[in-house]
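# Descriptive structure summary
Residue-level listing of the chains:
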Amino acid sequence: MTAPDSSASIQAWTDALAARSAAPAGGSAAAIAGSLAASLVAMVAGLTAARTSYAEAKPGADAAADRAGALRRRLLELASEDAEAFADVMDALALPRGSEAEIARRNAARDDALKAAAAVQYELLLLAGETADLGEGLVMHGLRSAVGDAGAAVLLAAAAARSAYWAIRSNLRRLHDAEAERMADAALERLELVEAVEARVQLRMSEQL
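Now for a description of the structure that goes with this document.

Here is what the cut-offs are and how they apply
- Residues numbered from 1 in each chain as written.
- Predicted model: local features only at pLDDT ≥ 70, side-chain atom pairs only at ≥ 80, totals over all residues.
- Heavy atoms only, no water.
- Core = buried A, V, L, I, M, F, W, Y, C linked by side-chain atoms within 4.5 Å.
- Buried < 20%, exposed > 50% of the residue type's maximum accessible area, 1.4 Å probe, protein only.
- Helix = DSSP H or I, 4+ residues; strand = E, 2+ residues; numbered from the N terminus.
- Contact = heavy atoms within 4.5 Å.
- Patch = residues over 30% accessible without salt bridge, like charges linked within 9 Å, V, L, I, M, F, W, Y side chains within 5 Å.
- Areas by Shrake-Rupley, 256 points an atom, 1.4 Å probe, with all protein chains shown as cover.
- Salt bridge = Lys/Arg side-chain N within 4 Å of Asp/Glu carboxyl O.
- Lys, Arg positive; Asp, Glu negative; His and termini not counted.
- Charge placed at Lys NZ, Arg CZ, Asp CG, Glu CD.
- Axes fitted to C-alpha atoms, helices over the stretch in contact; angles between N-to-C directions.
- Parallel < 35°, antiparallel > 145°, perpendicular 65-115°, else oblique.
- Left-handed = near helix turned anticlockwise from the far one by under 90°.
- Nonpolar A, V, L, I, M, F, W, Y, C, P; charged D, E, K, R; others polar.
- Phe/Tyr/Trp six-rings, centres within 6.5 Å; stacked < 30°, edge-to-face > 60°.

### Looking at the nonpolar core
Core analysis: the biggest nonpolar cluster contains 59 residues, and Leu75, Leu78, Leu124 and Leu172 have the highest contact counts within it. Elements with a contribution of two residues or more to this core: α2 (26-50), α3 (58-93), α4 (100-141), α5 (147-172) and α6 (178-208). The element contributing the most residues to this core is α4, with 13 residues. Sequence-distant contacts of leucine 172, defined by excluding residues within four places in its chain, comprise Lys115, Ala118, Ala180, Met183 and Ala184.

Pasting the structure below:
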């Protein structure tokens, strides 16, 4: 099944994900989760900015709302891009391998496609991390009655980040060049930061809710 584009409805995406086809799959689902997280950030930031009693938080809330809008749009684009990247990997694997020259071309195409697929997930990991950071700020300083929604944004973003990290590991597991190793190391470092945010937010929520 062809992956929907970024303007498609949630229904279209869930239909595509549920279909008996290899793509879209986990990477696209993680990107959608990240986009939903950014949408919640935008909501809580907007509610916070609208309250006169939160006047001191308004500049930060306005900035968070603006950035969250860009994040949710880009994360939805990544859902489509992940499906396209997977298709490129499959195309590379389908190349002929009847001679040494063909095998070499196939292997090179496969490695390039896997790196490109990992790059999509690496961007997802970074943007999910940024979304989690924004969500944490709203858990700490946003509208008190919406702390659960800001927390949900962080939890969704962290889940997207974890999924992205393991997708990166999967794509790079057969590649042993310096570029692949740098990306894998950087992905782990970023995931650890996101999970630290998640832990702080869970602690804060356990104190407030």
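### Comments concerning the side chain of serine 35
Counting through the fold element by element, serine 35 comes out in helix α2. In this structure serine 35 touches Arg72, Leu75 and Leu76, once residues within four positions along its chain are discounted.

### Quick word on a negative patch on the surface
A contiguous patch of negative charge on the surface is contributed by Glu181, Asp185, Glu189 and Glu192. Here glutamate 189 is to be found in helix α6. On the basis of relative accessibility, which here comes to 53%, the residue glutamate 189 falls in the exposed class.

### Observations regarding unusual backbone geometry
Here the amide bond leading from alanine 23 into proline 24 is cis, since omega sits at 0°, within 30 degrees of zero. Summarising the element assignment, proline 24 is placed in the loop between α1 (10-18) and α2.

### Regarding the pattern of salt bridges
Counting across every chain of the model gives 12 salt bridges. Linking glutamate 123 and arginine 74 is a salt bridge whose minimum nitrogen-to-oxygen distance equals 2.8 Å. Of this pair, glutamate 123 sits in helix α4 while arginine 74 sits in helix α3, and the two are 49 residues apart along the sequence. Residue classification places glutamate 123 among the partly exposed positions, given a relative accessible area of 26%. Ionic pairing is found between arginine 190 and aspartate 133, a salt bridge with its closest N-O pair at 3.3 Å. With arginine 190 in helix α6 and aspartate 133 in helix α4, the pair connects residues that are 57 residues apart, well separated along the chain. Residue classification places arginine 190 among the buried positions, given a relative accessible area of 17%. Bridged by salt links that share partners, the residues Arg74, Glu77, Glu81 and Glu123 form one connected network.

### Structural notes on the packing of α2 against α3
Here α2 crosses α3 at 165°, and the two axes come no closer than 7 Å. Comparing the axis directions of α2 and α3 gives the class roughly antiparallel. Crossing handedness for the pair α2 and α3: left-handed. Of the residues that constitute the contact of α2 with α3, the class distribution is 17 nonpolar, six polar and four charged.

### Topic: a nonpolar patch on the surface
On the surface, Ile10, Leu36 and Leu156 cluster together into a nonpolar patch covering about 230 Å² of accessible area. Here leucine 36 is to be found in helix α2. When its relative accessible area of 41% is taken as the criterion, leucine 36 is described as partly exposed.

### Some points on the packing of α2 against α4
Where α2 meets α4, the closest approach of the two axes is 9 Å, and the angle between their N-to-C directions is 25°. On the basis of the axis angle, α2 is roughly parallel to α4. Judged by the twist between their axes, the crossing of α2 over α4 is left-handed. Contact with α2, carried on its side by Gly27, Ala30, Ala31, Gly34, Ala37, Ala38, Val41, Val44, Ala45 and Thr48, involves Gln121, Leu124, Thr131, Leu134, Gly135, Leu138 and His141 of α4 and no other residues of that element. Classifying every residue of the contact of α2 with α4 gives 10 nonpolar, seven polar and no charged.

### A look at the packing of aromatic side chains
Within a pair of aromatic rings, the relevant descriptors are the distance that separates the centres and the angle that separates the planes. A complete count under the given rule lists one aromatic pair for this structure. For the pair tyrosine 165 and tryptophan 166, a centre-to-centre distance of 5.0 Å together with 75° between the ring planes defines the contact as edge-to-face. With relative accessibility at 5%, the residue tyrosine 165 sits in the buried group.

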